[in-house]
Amino acid sequence: MKQIEQWVRPNIRQLKPYSSARNEFSGEASVWLDANESPFNEPYNRYPDPLQTTLKKRLAQQRGVRSEQIFLGVGSDEAIDLLYRIFCEPGKNNVVSIAPTYGMYKVCADINGVEYREVPLNDDFSLDVEALLAAADANSRLLFLCSPNNPTGNAFPADEIERLVIAFDGIVVVDEAYIDFSAHPSWIRRLDEFPNLVVLQTFSKAWGSAGVRLGMAFASPMIIGYYNKVKYPYNISAPVQRYALGMLDRVDDVYRWVDEILSVRSRFIEQLATLPVVGKIYPTDANFVLVRVDNAGALYARLVAEGIVVRNRSTVTLCGECLRITIGTADEMERLLEAMRRYTQNKK
Ligand code: PMP
């Protein structure tokens, strides 16, 4: 049995968290004079529920977990940063991650003064499980696995992730920002089996809500308890909590959007494969596709000149001459394909 508490920074274990007015009294009342709010400008005059109780209850039902297994953050980026603050002593602890992967894991390590150990994926973007375990030592606290992975697009096999969750002596973070586009099941079903597992999800991708900044961490109640201790007291605003409750009533829309994105994605990939400028199209479980092209820099610049922005990933580990292309509407993808065809013709 893994002892999660031993990995928590001593100052955080001992931390007496800020107790807000809304923490100290959260019942029913008709006169609220406890939080130095204004009596004017309803409903914005009131502080939001610091623990987002109603939203978590709905989310718990929807995802098949318990409320006390959920942390809500200002994007999953907040959930990532707080893991460093909970578990990593600056200058002492380290974290292990794959390369290439989502850039914020390293940025948060740098901000927090924590060593970041990158283990390259194999050439086919598969996991090197042994190398990941070999990179860890007694000071390793977090292992980041992004699945489906950004920017490569592939999801990792469940048996390999499971081996890492079991063998890694620390917290394994499975970032599922793109899970809704994948046929792979979510790891949130396995939370009760693995007390060292943290699963990240977000409203920013399939849920079409990147602008509101709402991310989720699912984990054991003990880890969620530490999240709640360390977070800003009112991190999720009242309008965002209300908005998210509304979105949870629109699951059918979200499924429809995902279906549409997936069908646009397959048609786009078919068309892309016919272009001579395209060298390799990597398999994807996400709402984007990584493509190796003939001279990514030149093609990128040409597309920008036509008002089309993709992501140039050429300088990233294993991604030489690669562009990462988000799947937009059918029209947007057609505009991109036309621009790529023009680029090919002009080169002749
Ligand atoms: N994880 C991954 C893998 C991502 O690609 C992104 C955004 N690009 C995030 C997390 C951040 O999501 P959020 O908008 O919830 O902060």
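Numbering of residues starts from 1 in every chain and runs along the sequence as written. Where totals are concerned, whole chains, interfaces and linings use all residues; where local detail is concerned, this predicted model gives features only for residues with pLDDT of at least 70, and gives and counts side-chain atom pairs only at 80 or more. Only hydrogens and water are removed before side-chain values are computed, so all heavy atoms of the structure are retained for them.

Colleague: Help me out: how do you make sense of the overall build of the protein in this one?
Modeller: Within the protein, the regular secondary structure consists of twelve helices and eleven strands. Throughout, the radius of gyration refers to the C-alpha atoms, and the reference size of a globule is 2.2 Å times the residue count to the power 0.38. For 348 residues, the compact-globule estimate of 2.2 N^0.38 gives 20 Å, and the C-alpha radius of gyration of the protein, at 22 Å, lies within 12% of that figure. If you line up the protein on its principal axes, its C-alpha atoms span 75 × 50 × 30 Å. By the convention used here, residues are in contact when the closest approach between their heavy atoms is within 4.5 Å. Pairs at least 24 residues apart make up 69% of the contacts formed inside the protein by residues separated by at least 6 positions. Throughout, the Shrake-Rupley method with a 1.4 Å probe supplies accessible areas, and for residues the shown protein chains are the sole cover considered. Summed over all atoms, the accessible surface of the protein reaches about 16,200 Å², with 51% contributed by carbon and sulfur. Here the protein holds 39 positive side-chain charges and 43 negative ones, and the gap between their average locations is 3 Å. Elements are defined by DSSP. Helices are runs of H or I of four residues or more, strands are runs of E of two residues or more, and each kind is numbered from the N terminus. His is not counted here, nor are the chain ends, while Lys and Arg score as positive and Asp and Glu score as negative. To locate a charge, take atom NZ for lysine, CZ for arginine, CG for aspartate or CD for glutamate.

Colleague: Help me understand the site of the ligand in this model?
Modeller: Note on definitions. A residue lies near a molecule or strand when any single heavy atom of the residue is within 4 Å of it. In the vicinity of the ligand there are 13 residues, among which S76, D175, Y178, T202 and S204 approach most closely. Polar contact criterion, stated in full: a pair of N or O atoms within 3.5 Å, where within protein one must be able to donate a hydrogen and the other to accept it, and residues adjacent in sequence count only if both atoms are side-chain atoms. In this structure, an oxygen atom belonging to the ligand sits 2.7 Å away from a side-chain N or O atom of Y178. Residue R213 places a side-chain N or O atom 2.8 Å away from an oxygen atom belonging to the ligand. A total of 400 Å² of accessible area belongs to the ligand in isolation, and the protein chains cover 91% of it. Among the elements that line the shell around the ligand, the one with the most residues is helix α4 (residues 75-87), at three residues.

Colleague: What exactly am I supposed to notice about the pattern of salt bridges here?
Modeller: Opposite charge on two side chains makes pairing possible when the charged atoms of those side chains draw close. Salt bridge, as applied in this entry: a Lys or Arg side-chain nitrogen positioned within 4 Å of an Asp or Glu carboxyl oxygen. For the coordinates displayed, the defined rule picks out 20 salt bridges. Across the pair E306 and R342 runs a salt bridge whose closest N-O atoms are separated by 2.5 Å. Within this pair, whereas E306 is found in the loop between α11 (296-305) and β10 (311-312), its partner R342 is found in helix α12 (residues 330-347), the two being separated by 36 residues in sequence. Connected through shared salt-bridge partners, R22, D34, E37 and R46 make up one network.

Colleague: Even after reading the chapter, I still don't get the packing of α4 against helix α8 (residues 221-230), so can you show me in this structure?
Modeller: How two helices sit against one another is set out by the angle between their axes and by the gap between those axes. Here, axes are lines fitted to C-alpha atoms. For helices the fit covers the stretch in contact, and angles between N-to-C directions go from 0 to 180 degrees. Packing of α4 against α8 brings their axes to within 10 Å, and their N-to-C directions diverge by 95 degrees. If you check the angle between α4 and α8, you find them roughly perpendicular. Side by side, α4 and α8 meet where A79, L82, L83, R85, I86 and F87 of the first sit next to I223, Y226, Y227 and V230 of the second. Grouping the amino acids of the contact of α4 with α8 by side-chain chemistry returns nine nonpolar, no polar and one charged. For classification purposes, angles smaller than 35 degrees are called roughly parallel, those larger than 145 roughly antiparallel, those between 65 and 115 roughly perpendicular, and all remaining angles oblique. Three classes are used: nonpolar for Ala, Val, Leu, Ile, Met, Phe, Trp, Tyr, Cys and Pro, charged for Asp, Glu, Lys and Arg, and polar for all others, with Gly counted as polar.

Colleague: Which parts of the structure should I look at to understand helix α7 (residues 158-167)?
Modeller: Each full turn of the α-helix corresponds to 3.6 residues, which orients residues three or four apart in the same direction. What α7 keeps buried is the set I161, L164 and V165. Within α7, the buried residues cover an arc of 100 degrees as seen down the axis, which keeps them to one side. Next to the buried residues of α7 lie α6 (129-135), β4 (140-146), β5 (171-175) and β6 (197-202). Three exposure classes are used, based on accessible area relative to the maximum for each residue type with a 1.4 Å probe and protein chains only: buried under 20%, partly exposed in between, and exposed over 50%. Directions pointing from the helix axis toward each C-beta atom define the arc.

Colleague: Would you take a moment to explain the sheet that holds β4 for this structure?
Modeller: In sheet architecture, strand pairing relies on hydrogen bonds along the backbone and comes in two forms, parallel and antiparallel. If you walk across this open sheet you meet the seven strands as β1-β7-β6-β5-β4-β2-β3, and the pairing is mixed. Of all the strands in the sheet, the pair left with one neighbour each is β1 (70-73) and β3 (115-120). Neighbouring strand axes in the sheet, compared pairwise and without regard to direction, differ in orientation by 20 degrees on average. Contacts between α8 and the sheet are confined to β1, β5, β6 and β7 (215-218), with β1 contributing the most and set at about 30 degrees to the helix. Pairing between strands requires that DSSP locate at least two bridges from one strand to the other.

Colleague: Would you mind showing me how to read the sheet that holds strand β8 (residues 278-281) here?
Modeller: Here four strands make up an open sheet; going across it, the order is β8-β9-β11-β10 and the pairing antiparallel. Each edge of the sheet is formed by a strand with only one pairing partner; in this case those strands are β8 and β10. By the bridge criterion, three bridges tie β8 to strand β9 (residues 288-293) in an arrangement that is antiparallel. By the bridge assignment for β9, I281 is matched with V291.

Colleague: Please clarify how the environment of W32 should be interpreted in this entry.
Modeller: Relative to the assigned elements, W32 resides in the loop between α2 (21-24) and α3 (53-63). Accessibility expressed as a relative area gives 25% for W32, which makes it partly exposed. Between the C-alpha atom of W32 and that of R46, which follows or precedes it by 14 residues, the distance is 9.2 Å. Ignoring anything within four residues of it in the chain, the contact list for W32 reads R22, F25, G27 and R46.

The values reported here are purely geometric and, on their own, carry no functional implication.
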